[in-house]
Every structure is written in structure tokens, then in C-alpha cells.
Amino acid sequence: MEPFEDCRAVVFDLDGTLADTVGDLTTALNRALAELDLPPHPEEAVRGMVGGGLAKLLTRGLAAHDVVLERAEHEAVLARFVAHYAANPAERSKLYPGARQTLNVLREAGIPCGLCTNKHEPIARDLLTRSALGRRSGAIQGSETGFPRKPDPACLIHVVKKLGASPETALMVGDNATDLKTARAAGLKRVVLVSYGYSVTPVTDLGADLVITHLHDLVPALALPERAQ
Ligand SMILES: O=C(O)COP(=O)(O)O
Ligand SMILES: [Mg+2]
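Going by the annotation in an unreviewed UniProt entry, the name recorded for the protein is Phosphoglycolate phosphatase, with Methyloceanibacter marginalis given as the source organism. You can read under Function (unreviewed entry) in the UniProt record for the protein the words "Specifically catalyzes the dephosphorylation of 2-phosphoglycolate. Is involved in the dissimilation of the intracellular 2-phosphoglycolate formed during the DNA repair of 3'-phosphoglycolate ends, a major class of DNA lesions induced by oxidative stress." Comment text from UniProt for the protein, heading Catalytic activity (unreviewed entry), reads "2-phosphoglycolate + H2O = glycolate + phosphate".

**Q** Would you mind going over the coordination of the magnesium ion (ligand 2) with me for this structure?
**A** Ideal coordination angles are 109.5 degrees for a metal with four donors arranged tetrahedrally and 90 or 180 degrees for a metal with six donors arranged octahedrally. Here the magnesium ion (ligand 2) is held by Asp13 (OD), Asp15 (O) and Asp175 (OD), and the distances to it run 2.2 Å. We classify Asp175 as buried; its relative accessible area is 2%.

**Q** Even after reading the chapter, I still don't get the packing of aromatic side chains, so can you show me in this structure?
**A** How two aromatic rings sit relative to each other is set out by the distance from centre to centre and by the angle between their planes. Taken as a whole and assessed by the stated rule, the structure comprises one aromatic pair. Between Tyr96 and Tyr196, the ring centres sit 4.4 Å apart and the planes meet at 50 degrees, which makes this aromatic pair tilted. In this pair, Tyr96 sits in the loop between strand S3 (94–95) and helix H5 (99–108) while Tyr196 sits in the loop between strand S7 (190–194) and strand S8 (210–212), placing the two residues 100 residues apart along the sequence. The pair Tyr96 / Tyr196 is uniform in exposure class, with both members buried.

Procedures and definitions
- Residues numbered from 1 in each chain as written.
- Chains lettered and ligands numbered in written order.
- Predicted model: local features only at pLDDT ≥ 70, side-chain atom pairs only at ≥ 80, totals over all residues.
- Heavy atoms only, no water.
- UniProt positions renumbered as here; feature names shortened; annotations may be inferred.
- Donors = N, O, S within 2.8 Å, 3.2 Å for Na, K, Ca; no water.
- Buried < 20%, exposed > 50% of the residue type's maximum accessible area, 1.4 Å probe, protein only.
- Phe/Tyr/Trp six-rings, centres within 6.5 Å; stacked < 30°, edge-to-face > 60°.
- Helix = DSSP H or I, 4+ residues; strand = E, 2+ residues; numbered from the N terminus.

Right under this line is the structure:
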């Protein structure tokens, strides 16, 4: 893409973009499945189920076993799954290389960073605090807070506004088609996708303005002043 010279804010997705969380998600999902006497899914299978929030992950995990629960039971299993995950969200999860450094460089360059995730917001905040990303993020928006989940653009529009930017001057960095769709629906002109996340479709086929293989490739693409890099 052309260097994005007028970037005033960067909004990141969390799972698959800043943090590799699939290990802990798999553990929690498999605990919930075990309580239903269902076999566990391997981490590689769960990778392709992440990105739509915990409710969707449970639905996908059950569907992979050809199980559809009646509503009340599904809600009860979901509550247990969320509780399992909330109890241990950071045992095996880790930030991707360059996550902290990239947020630092952007902040030093005067570009506020925010976060828009389909993860339950309290769990997202917990993860971010544990990984010291929370204080580097100017605005965090997760799910179950009254905003509809991505790809509805409302949460992204809210974060962009909180960061003091506009859709024209903000950039979204995500890992799948949902992030791209959300950003376009919010009116963002620049969308970067990372290639190492959880997308089941090759990200190069999705129509992003730029695909990066490493977070370190983000700052050079923004044409920031030399001192900031
Ligand atoms: O599916 C989730 O729980 C979160 O996904 P996201 O951070 O990629 O939006
Ligand atoms: Mg993601």
C-alpha cells in the first residue's frame, strides 16, 4: 500500500493478531466438552474456530461433534465454558513477537492505539493487564458490553472516536475476514491483516490494503517520522 501518512490511530484485534490465545481457549473448550462426555478437539482444529467470540467458538466446537444443544442447555454450557476460560486465560497464551514493541513505537510517535476484540471484555482486559499491554492501549472494547460483536462496526467506531481519530484517519490491524469487514463497514480506508493468525481463508485473498507476516512490518508501512522507528 501507499505509505499511510495521515494515520492518527491504530486499532488492533486481539486473538490471532496481538496474542496467540488458542492454547487456553482449547483447554477451556475441552473442559466444557468433557463435562458433556464429548471428546476433546486438538488445538489445530480450534485455531480455525476462533474469532467470533466464545459463544461462537462453543457452537463451532459442538457442531464439529455434530451436537446442537437446546437453548437453555447451550446457555448453561456456555456459562461453564466462559468460567473455565476466565479462570485460566493466560496459562499458555503469549503475545506475538513485536506486539509490545510496536505499541511502544506507535505511542512514542504520538499515535494512540486501541483494541477491538470479540473476546469477553473482562477477560480481554485481564489478558492485557497480565501482558502489560493494557497501559499501552488507549481504548479497549470487547464483547458482552452492550455493543454487538464484530463484524458490526459499532465497537470499532466507538474505539476510533475514543482515540480521538476518525474512520478516515484510523487504521485497523486484524487477522481475518471479520476484522476486514468490520473496518470497511466502519468506513476505514486502511486495513492491515497479519498472515500468522487464525484465518481459515488465506489472508492474501481477502482484499486488505496490506498483509504483514510480522508486527515489526507495521511501523515502516505507516511512514512515521524517522525518530519513531
Ligand atoms: O473469538 C474471540 O474470542 C476473540 O477474537 P478476536 O480477538 O480475534 O476478535
Ligand atoms: Mg482475531
